[in-house]
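# Architecture at a glance
The residues making up each chain are set out below.
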Amino acid sequence: MRTRRSDGLNEPRHVPGEAAPPVPSRLPPGRLSLARVASALAEDGLIASSDAERVRGTAAARHPGDVHPLVLLANLKLDSRRHPGTELSLERLTEWLAHETGHRYLRIDPTRVDVAAATAVVSHAYARRHRILPLAVSHERVLVATSEPTDLAWWDDLQHLTRRPVELAVVNPLDLHRYTMEFFGVTRSVRGARETRDTTGMPNFEQLIELGRVGEVGADDHHVVHIVDWLLQYAYEQRASDIHLEPRRDMGRMRFRIDGVMHKVFELPPAVMTAVVSRIKVLSRMDLAERRRPQDGRIKTRSPGGREVEMRVSTMPTAFGEKCVMRIFDPDTAIKDIGQLGFSADEAAGWNALVERPHGIVLVTGPTGSGKTTTLYSTLKRLATPDVNVCSVEDPIEMVAPEFNQMQVQPGIDLDFASGVRTLLRQDPDIIMIGEIRDLETAQMAVQAALTGHLVLSTLHTNDAASAITRLLDLGVPHYLVASTLNGVLAQRLVRTLCPHCKRPATLDAEDWRSLLGDAPPPAVQHPHAAVGCLECRRTGYLGRVGLYELLTVTPRLRGLIRAEMDLAAFSRVAGEEGVRTLRMAAADKVALGLTTIAEVVSVLPPKD
């Protein structure tokens, strides 16, 4: 795991000298004891004296020697005297311990840790014995996490070994144990897999042939199996929407897309990267021997919480091997209630009115990654009642839903969108979902389905809602058929939301609003906030995403403006008079509510005319 940017791991609070830092007298040198920690907490006013007595009585009983005192205290769920009505959580106790011992408190962000460099500093046995974990290594210092800041018997050894200053950070003991096991475990697996063969197992355009080398890392090698299992679980825990495995000449890269932003998290030797991709191809039922052509597959697995999670897998040949991308579809995020998607009350009411009509076409538009699939699946899940037949034709099926009848496009056997819709029309459907309208034939079949009394939902790639109409006209659909069948268009974008743990109130002047809205008036009620950055959001200032929506309902007045040579500017102006709120207006509302920032929404919105 390589560090991508300056963050908490690379901002030292102090530069320690050659000697170990002094330890306050309330917590004497050596391993922490439950009784001494409880007494210090009582002296500091965090817990009541009676609670401290109860803890000291508990300490007299036998406890497993490897259980950290802070974990035992957190399990007792003691009330905090400084924050009445709240319990002393493990994180609060860890923060207190860091302050008490004069060290830095840190929440480990595994995406910021260079695992290969960190695990090379000390052995796994040494790290476990002293309850330490190196997190960052540079020419100036070594950052070491510990849950025992009063037990520094290792300090001189490590400074002598690394020949550089050591900086301490106090971390949650459970996180320390977990990441120690994970980091050293995956490093051991990578090393074990690499030792099988130290060159790539797949020829590329500048393959270096090494005579005398035999053997290849197998997809079923237990080291490779462990790496893939760790990768999938790790991606889920980090809220990644996509996993990218990218082969390179020297070291292949693993990257996650989190909240729309790519994060580089790990590097693998070429031979191990090839084996990891092969393992994923086996799990997704691809042709393992075929490495020259792109392939698609699926993996169904379970999250750490036990829920089924689907992954869509795609591979393609590159100069240095096969690149693999896995898109993660978590049911909890892929299918949500309309209110959870970011719709305002008026937008939700208008959207529900559109999709509850008995027939017609409803389109969702936006670029790739704007949340169109989530909106459609969430809508279809609500519409798919027992008395309704919902059918879809998709390329590919993003997520298998038991409420729908889903068909996969198969170009190899001439099963495209148009022929798929033609087939669905013979299946007595009430609602048809078309994955995407890409050509005239598919658009004509969608129109035909709407004319024969079906509700058709589909997607297009356009900048705004009004442009969807001109796109249909450009494909060759007659204007009178568009006017008679199109019920409405929903244009959408996804923007990152401000981290609720660290955002702070901000003030926006008229010029700020003008950069977003032009001459349009800003929202009347304003509570804008600014991004700050903290441990919870990886110091980005943002955590999660929300949708921006522009809902165009085709009214009788607007139908009259749909012509073969349509004036898009005039149509958009009339749409505004009919009450259509643009994406920029929706963005301004989210900014005024303190959910996001102007800089964030401007980065995803189409340019102003």
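Each chain has its residues counted from 1, following the order in which its sequence is written. Totals for whole chains, interfaces and linings use all residues, but because this is a predicted model, local features are given only for residues with pLDDT of at least 70 and pairs of side-chain atoms are given and counted only at 80 or more. With hydrogens and water excluded, all non-hydrogen atoms of the structure serve as input to the side-chain values.

The protein is annotated in an unreviewed UniProt entry as GspE/PulE family protein from Novilysobacter selenitireducens. UniProt positions are given in the numbering used here, feature names are shortened, and annotations may be inferred rather than shown by experiment. Looking at the Sequence similarities (unreviewed entry) heading of the UniProt record, one finds this comment for the protein: "Belongs to the GSP E family."

### What to know about the overall build of the protein
Secondary structure follows DSSP: runs of H or I at least 4 residues long count as helices, runs of E at least 2 residues long count as strands, and numbering of each begins at the N terminus. If you tally the helices and strands in the protein, you get 22 helices and 19 strands. Relative accessibility decides the category of a residue: with a 1.4 Å probe and only protein chains considered, values under 20% of the type maximum give buried, values over 50% give exposed, and everything between is partly exposed. Out of the 609 residues in the protein, the part that is buried amounts to 53%. Residues count as neighbours in contact if any of their non-hydrogen atoms are within 4.5 Å of one another. For the protein, contacts bridging at least 24 residues in sequence account for 68% of all contacts bridging at least 6. When the accessible surface of the protein is summed, it comes to about 27,800 Å², and 51% of that surface belongs to carbon and sulfur atoms. Values of accessible area rely on a 1.4 Å probe in the Shrake-Rupley scheme; residue burial ignores everything except the protein chains shown.

### Observations concerning the side chain of aspartate 259
Here aspartate 259 shows up in the loop between strand 6 (252–258) and strand 7 (261–268). Here aspartate 259 falls in the buried class, since its relative accessible area comes to 13%. What aspartate 259 contacts, discounting residues up to four positions off in sequence, is Arg239, Arg496, Tyr542, Leu543, Gly544 and Arg545.

### Some remarks on helix 14 (residues 417–424)
Within helix 14, six of the eight residues are buried, which leaves it mostly tucked inside the rest of the structure. The complete set of buried residues in helix 14 reads Phe417, Ala418, Ser419, Gly420, Val421 and Leu424. Looking at the buried side of helix 14, the elements it contacts are strand 12 (390–394), strand 13 (405–408), strand 14 (431–434) and helix 15 (440–451).

### Here's the deal with the sheet that holds strand 6
If you walk across this open sheet you meet the six strands as 7-6-5-10-9-8, and the pairing is antiparallel. Two strands bound the open sheet, and with one partner strand each, they are strand 7 and strand 8 (295–302). Strand-to-strand twist of the sheet, defined as the mean angle between neighbouring strand axes without regard to direction, takes the value 20°. Strand pairing is defined by DSSP finding a minimum of two bridges between the two strands. Pairing of strand 5 (residues 240–246) with strand 6, which is carried by six bridges, proceeds in the antiparallel orientation. Along strand 6, the bridge assignment pairs glutamate 246 with arginine 253. Helix axes are fitted only over the stretch in contact, all axes being lines through C-alpha atoms; the angle between N-to-C directions runs from 0 to 180 degrees.

### A few points about helix 4 (residues 90–101)
The α-helix winds at 3.6 residues per turn, so residues separated by three or four positions along the chain end up facing the same way. What a helix should span is 1.5 Å times the count of its residues minus one. The end-to-end C-alpha separation of helix 4 is 16 Å, in line with the 16 Å expected for twelve residues at 1.5 Å each. Burial within helix 4 is extensive, with nine of its twelve residues counted as buried. Looking only at helix 4, the buried set comprises Leu90, Glu91, Leu93, Thr94, Trp96, Leu97, Ala98, Glu100 and Thr101. Where helix 4 ends, the next residue or the one after it, glycine 102, has phi of about 75°, a positive value.

### Describing the pattern of salt bridges
Salt bridges are defined as contacts in which a side-chain nitrogen from Lys or Arg sits within 4 Å of a carboxyl oxygen from Asp or Glu. Scanning the model with the defined rule gives 27 salt bridges in all. A salt bridge links arginine 141 to glutamate 167, with the nearest nitrogen and oxygen atoms 2.6 Å apart. Taken together, the residues span a long stretch of sequence, with arginine 141 in the loop between strand 2 (132–137) and strand 3 (142–146) and glutamate 167 in strand 4 (residues 166–170) at a distance of 26 residues. On the basis of relative accessibility, which here comes to 1%, the residue glutamate 167 falls in the buried class. Where salt bridges share partners, they join Arg104, Arg141 and Glu167 into one cluster.

### Thoughts on the pairing of strand 19 (residues 542–553)
Taken across its twelve residues, strand 19 has nine buried, putting it largely inside the fold. Two elements, strand 16 (residues 486–498) and strand 19, share ten bridges in a ladder whose sense is antiparallel. Across the sheet, residue glutamine 492 finds its bridge partner in strand 19, namely tyrosine 549.

### Concerning the UniProt feature "domain: Bacterial type II secretion system protein E" (unreviewed entry) in the protein
UniProt's entry tags residues 425–439 with the feature "domain: Bacterial type II secretion system protein E" (unreviewed entry), counted in the numbering of this structure. As a span, residues 425–439 carries 0% helix and 27% strand, and end to end its C-alpha atoms are 19 Å apart.

### As for the nonpolar core
Nine residue types can take part in a nonpolar core, namely buried Ala, Val, Leu, Ile, Met, Phe, Trp, Tyr and Cys, and a core is a set of them joined through side-chain atoms within 4.5 Å. Formed by 64 residues in total, the largest nonpolar core has its most connected members in Trp154, Leu245 and Met326. Ranked by the residues each element gives to this core, the list is headed by helix 9 (residues 222–237), at nine residues. When sequence neighbours within four positions are dropped, the list of residues in contact with tryptophan 154 reads Tyr126, His130, Ile132, Val144, Val166 and Leu168. Within the second largest apolar cluster, 57 residues are counted, among which are Cys391, Ala466, Trp513 and Leu516.

### Some words on the pairing of strand 11 (residues 360–365)
Among the six residues that make up strand 11, six are buried, leaving the element largely enclosed by the rest of the structure. As paired strands, strand 11 and strand 16 are joined by five bridges and run parallel to one another. Bridge pairing in strand 16 links threonine 365 to alanine 491.

### Describing unusual backbone geometry
Positive phi, normally seen in glycine, also occurs at lysine 77, with a value near 55°. Mapped onto the secondary structure, lysine 77 falls in the loop between helix 3 (69–75) and helix 4. Looking at lysine 77, the relative accessible area reads 52%, which means it is exposed. A positive phi angle, near 60°, is found at arginine 239, a position not held by glycine. Its location among the elements puts arginine 239 in the loop between helix 9 and strand 5. For arginine 239, a relative accessible area of 39% puts it in the partly exposed group.

### Comments concerning the side chain of serine 378
Take serine 378: it is sitting in helix 13 (residues 372–383). A distance of 2.7 Å separates the side chain of serine 378 from the backbone oxygen of threonine 374, its partner in a polar contact. Two N or O atoms form a polar contact when they lie within 3.5 Å of each other; inside protein one atom must be a possible hydrogen donor and the other a possible acceptor, and for residues adjacent in sequence the pair counts only when both atoms belong to side chains.

### Overview of the environment of valine 142
With respect to the secondary-structure elements, valine 142 resides in strand 3. Of the residues examined, valine 142 reaches a relative accessible area of 0% and is grouped as buried. Linking valine 142 and threonine 162, residues 20 residues apart in sequence, is a C-alpha distance of 7.9 Å. When neighbours within four sequence positions are excluded, valine 142 is seen to be in contact with Ala136, Val137, Thr162, Arg164, Pro165, Val166 and Glu167.

### Looking at the environment of arginine 302
With respect to the helices and strands, the residue arginine 302 is situated in strand 8. A residue is classified by how much of its surface remains accessible, and arginine 302, at 57% relative accessible area, is exposed. For the pair arginine 302 and glutamine 233, spaced 69 residues apart in the sequence, the C-alpha separation amounts to 8.9 Å. In this view, arginine 302 contacts Arg307, Glu308 and Val309; residues no more than four positions away in its chain are not counted.

### As for the packing of aromatic side chains
Any pair of Phe, Tyr and Trp rings, taking the six-membered ring for Trp, is counted once the centres come within 6.5 Å. Such a pair is stacked with planes under 30 degrees apart, edge-to-face with planes over 60 apart, and tilted for the rest. One pass over the full model with this rule turns up seven aromatic pairs. Ring centres of tryptophan 230 and tyrosine 234 lie 5.0 Å apart, and the angle between their planes is 15°; this geometry places the pair in the stacked category. Taken together, the residues span about one helical turn, with tryptophan 230 and tyrosine 234 both in helix 9 at a distance of four residues. Judged on exposure class, the residue tryptophan 230 and its partner tyrosine 234 are both buried. Their ring planes at 55° and their centres at 6.0 Å tell us that tyrosine 377 and phenylalanine 404 sit as a pair that is tilted. Here the residue tyrosine 377 occupies a position in helix 13, and phenylalanine 404 occupies one in the loop between strand 12 and strand 13, the gap between them amounting to 27 residues. We classify tyrosine 377 as buried; its relative accessible area is 3%. Judged by its relative accessible area of 7%, phenylalanine 404 is buried. Among the aromatic residues, ring-to-ring pairing joins Trp230, Tyr234, Phe256 and Phe266 into one connected group.

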